[in-house]
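Architecture and fold: a report
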Amino acid sequence: MRKINDSGLSPVLGMVLALAIIVGAIGIVQQFFVPAWIKNDEWNHYTQLRQDFSSIPKLIALTASSGNPNVVTLNLKVDRKSYPFLMSPPDTGTFLKAERERIWINYTERLPNGSTATRNLSLTTRALIAEPKYYYLPNEKFFYENSLVFVRSSGNATLVDQSAFTNRSFTIYIFDTDFDSISSSDVMAIPLIPISYGGEIAVVNATIKFQSLYPEYWNRTLSEMGIDVSRQGNTVTVNLTETVLRIAVVATDSTSVKLVYKPYLYFSELTTFLGDTEIIEVVVLDQFGNPVPNVQVNGSTTIGLLGSSKNATKITDANGIARFVFKATEEGGGELTFEAGGNSTSADVTVITPGENLWDRNMNNDTLVTSPDFKWAGIHAASEIWLKNATQISTKENKLDIYFTLYNSSTYYYFEIHASEAGDDKIWIWRYRNTLQQLLNEELFDSSKSDKIFTPDGINILDPTYYKDCDGKNSSKWNSTKCEDIRDALSQVKWFLQNATLSDPISLAIQDIKGWAVEIQII
């Protein structure tokens, strides 16, 4: 019988033993290290997706505020590395859903002319939900809704607190997508296109109801802010008073939201004097209360002229405003009508002969106002405030400082005017409406206009062309945005004067005038 050669057995046993060690090592790596490595890959994806979702509120707000498109980038691919001789789970994707949520808004708006209008809106927005597929990490979902970002696994954790709602204003972001759901294992770029933005609605009172995937957050957060809020199921109800409401619409497809717009006037009645020229501003708003630029507005009048004829066409500017020039060329009553987007608005016009409604004397029938006991009553259907013949009557007061109030039974406008006959050649005006400051340190233009306060020509402080920022586009001082603010502030006073009636007239009272005399004329 042959004996086995020991020298031949050793290499075989050694090879078997080495192979067993390698297989065992691979098994240990497969069992203990690969899960840790894969889990790390999944954690990297989780961190990236969390960061991507957290950027959504900022990008939507930026799109709505600037009017410029942006892009949200979401990394939906869970990328897992492959290792030689080891088994790794395949790459997976993320399920992305655009959940429809309803918003109902009922509000009473305070219009620029002081009247109110009640509106009802029923809107649909989208909440984004991302659900990545993990093998080792817990399956969590990321949510975006109304500027809030949170994550849900066994509970809810806030990633980005809401920024749309404050004690002073409520911003509703309507977000629309061209998809309902999608499953992807790639990087997804979601375009953000501004559809409607830039408006501010002055709200007397409002009730806002909206559906939410995290209603307890809204109920708790808004309640802590002192806002009247309640919750029923997944619907949150908010009651507001005296606030600013903004509704911004952002979509992934520029054609997904159809805008319906119509023109509005800042007044319902206009009384002016024969020979006067009035700037008529027509603002075009869409159904969300936002201004619509580059829209044609067609105007017509049955009395006087719009420019050089009875009809005129203008295009709205970036603020949705079209400006017409009305010329009071004939006495009587008529109507102004403006049309845009298939909708129209109108206002009654009355043209009268100047003379009857002219206030240029105080109670003592003196030409110049010299003391704070000066008061007029019964002012109505006026549109201009002239200051003339300012004269220094005391050597102690080198500058003209005059303070006066226009008021009726419900509203008052308080003016401060400061001027110097020599030196800076400027006049500064402060203006308040019911304690609300609206013009601060506004400068009338150079001596070619402002110095007329010291002459019989005088200045009309309600004429915006007297102001530095409204002196013309060819001037280095031209500031169109500031000019709009000045025009709005002055047009409110003008409307206040024009629409005063004999049953509720306006009074003017001098609060203070030191060391000077001045003639005030209201026509």
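For the structure, check the block above.
Rules and cut-offs
- Residues numbered from 1 in each chain as written.
- Predicted model: local features only at pLDDT ≥ 70, side-chain atom pairs only at ≥ 80, totals over all residues.
- Heavy atoms only, no water.
- Helix = DSSP H or I, 4+ residues; strand = E, 2+ residues; numbered from the N terminus.
- Buried < 20%, exposed > 50% of the residue type's maximum accessible area, 1.4 Å probe, protein only.
- Contact = heavy atoms within 4.5 Å.
- Areas by Shrake-Rupley, 256 points an atom, 1.4 Å probe, with all protein chains shown as cover.
- Pairing = 2+ DSSP bridges.
- Salt bridge = Lys/Arg side-chain N within 4 Å of Asp/Glu carboxyl O.
- Phe/Tyr/Trp six-rings, centres within 6.5 Å; stacked < 30°, edge-to-face > 60°.
- Core = buried A, V, L, I, M, F, W, Y, C linked by side-chain atoms within 4.5 Å.

1. As for the overall build of the chain
- Each helix and strand counted, the chain has 5 helices and 30 strands in total.
- Per-residue burial for the chain yields a buried fraction of 45% across its 523 residues.
- Taking all contacts inside the chain whose residues are at least 6 apart in sequence as the whole, residues at least 24 apart take part in 66%.
- Here the chain has roughly 25400 Å² of accessible surface; of this, 51% comes from carbon and sulfur atoms.

2. Quick notes on the sheet that holds strand 15 (residues 277-286)
- Ordered by their spatial adjacency, 4 strands build an open sheet running 13-15-19-17, and the pairing between neighbours is antiparallel. One side of each edge strand has no neighbouring strand; the edge strands of this open sheet are strand 13 (261-265) and strand 17 (305-306).
- Of the strand pairs in this sheet, strand 17 and strand 19 (residues 321-327) are connected by 2 bridges, and their pairing is antiparallel. Along strand 19, the bridge assignment pairs Leu306 with Phe326.

3. With respect to the side chain of Thr345
- With respect to the helices and strands, Thr345 occurs in strand 21 (residues 343-352).
- Judged by relative accessible area, Thr345 falls into the buried class, the value being 17%.
- Setting aside anything within four residues of it in sequence, one finds Thr345 in contact with Pro263, Tyr264, Leu265, Leu336, Thr337 and Phe338.

4. Regarding the pattern of salt bridges
- In the structure shown here, the tally under the stated rule is 12 salt bridges.
- A salt bridge links Glu109 to Arg119, with the nearest nitrogen and oxygen atoms 2.9 Å apart. Taken together, the residues Glu109 in strand 2 (residues 94-110) and Arg119 in strand 3 (residues 116-132) connect sequence positions 10 residues apart.
- By relative accessible area, Glu109 is classed as buried at 10%.
- One salt bridge in this structure joins Arg246 and Glu200, with 2.8 Å as the shortest N-O distance. A residue pair is termed long-range when its members are at least 10 positions apart, and Arg246 in strand 12 (residues 235-251) and Glu200 in the loop between strand 9 (187-196) and strand 10 (201-211) qualify at 46 residues.
- Under the relative-accessibility criterion, Arg246 is labelled partly exposed at 26%.
- The network of salt bridges with common partners includes Arg100, Arg126, Asp176 and Asp180.

5. Describing the sheet that holds strand 30 (residues 516-522)
- Ordered by their spatial adjacency, 3 strands build an open sheet running 28-23-30, and the pairing between neighbours is antiparallel. A strand with exactly one partner marks an edge of an open sheet, and here the two such strands are strand 28 (459-460) and strand 30.
- As judged from the 2 bridges shared by strand 23 (residues 385-392) and strand 28, these two strands associate in the antiparallel manner. Each residue of the ladder has a partner; that of Leu387, found in strand 28, is Ile459.

6. What to know about the pairing of strand 11 (residues 228-232)
- Across 5 bridges, the pairing between strand 11 and strand 12 is antiparallel. Following the sheet pairing, Asp228 is matched in strand 12 by Asn239.
- In textbook terms, the turn of a hairpin is the stretch between consecutive antiparallel strands, and for strand 11 and strand 12 this stretch comprises 2 residues, one of which, Gly233, has a positive phi near 65 degrees.

7. Examining the environment of Asn146
- Within the secondary structure layout, Asn146 lies in the loop between strand 4 (141-145) and strand 5 (148-152).
- Asn146 gets classed as buried once you look at its relative accessible area, which sits at 7%.
- Taking the C-alpha atoms as reference points, Asn146 and Pro57, 89 residues apart in sequence, are found 7.9 Å from one another.
- The contact partners of Asn146, leaving out residues within four places of it in the chain, are Ile103, Thr125, Gln162, Ala164, Tyr173, Phe210 and Trp218.

8. Some remarks on the environment of Thr316
- Topologically, Thr316 is positioned in the loop between strand 18 (311-315) and strand 19.
- Judged by relative accessible area, which is 2%, Thr316 ranks as buried.
- Measuring from C-alpha to C-alpha, the distance between Thr316 and Val283 comes to 7.6 Å, with 33 residues separating the pair along the chain.
- Here Thr316 is in contact with Val284, Val292, Pro293, Asn294, Val295, Val297, Ile321 and Ala322, once residues within four sequence places are set aside.

9. Some remarks on the packing of aromatic side chains
- Within the structure shown, the criterion is met by 16 aromatic pairs.
- Their ring planes at 55 degrees and their centres at 4.6 Å tell us that Phe150 and Tyr214 sit as a pair that is tilted. Residue Phe150 is located in strand 5, and its partner Tyr214 is located in the loop between strand 10 and helix 3 (215-224); the two are separated by 64 residues in the primary sequence.
- Between Tyr217 and Trp218 the ring centres are 5.5 Å apart and the planes differ by 85 degrees, which places this aromatic pair in the edge-to-face class.

10. Here's the deal with the nonpolar core
- Grouped together as the largest cluster of nonpolar side chains are 65 residues, with contacts concentrated most on Phe53, Ile105 and Leu245.
- Among the elements that make up this core, the one with the highest residue count is strand 12 (9 residues).
- Those residues in contact with Phe53 that sit more than four places away from it in its chain are Leu74, Leu96, Leu128, Ile129, Ala130, Phe142, Phe143, Tyr144 and Val149.
- Ranked by size, the runner-up nonpolar core spans 43 residues in total, among them Ile429, Ile461, Val493 and Val518.

11. Brief notes about unusual backbone geometry
- Positive phi, normally seen in glycine, also occurs at Glu242, with a value near 45 degrees.
- The residue Glu242 is located in strand 12 in this model.
- A residue is classified by how much of its surface remains accessible, and Glu242, at 51% relative accessible area, is exposed.
- Phi angles above zero are rare outside glycine, and Asn389 is one such case at about 50 degrees.
- Among the structural elements, Asn389 can be located in strand 23.

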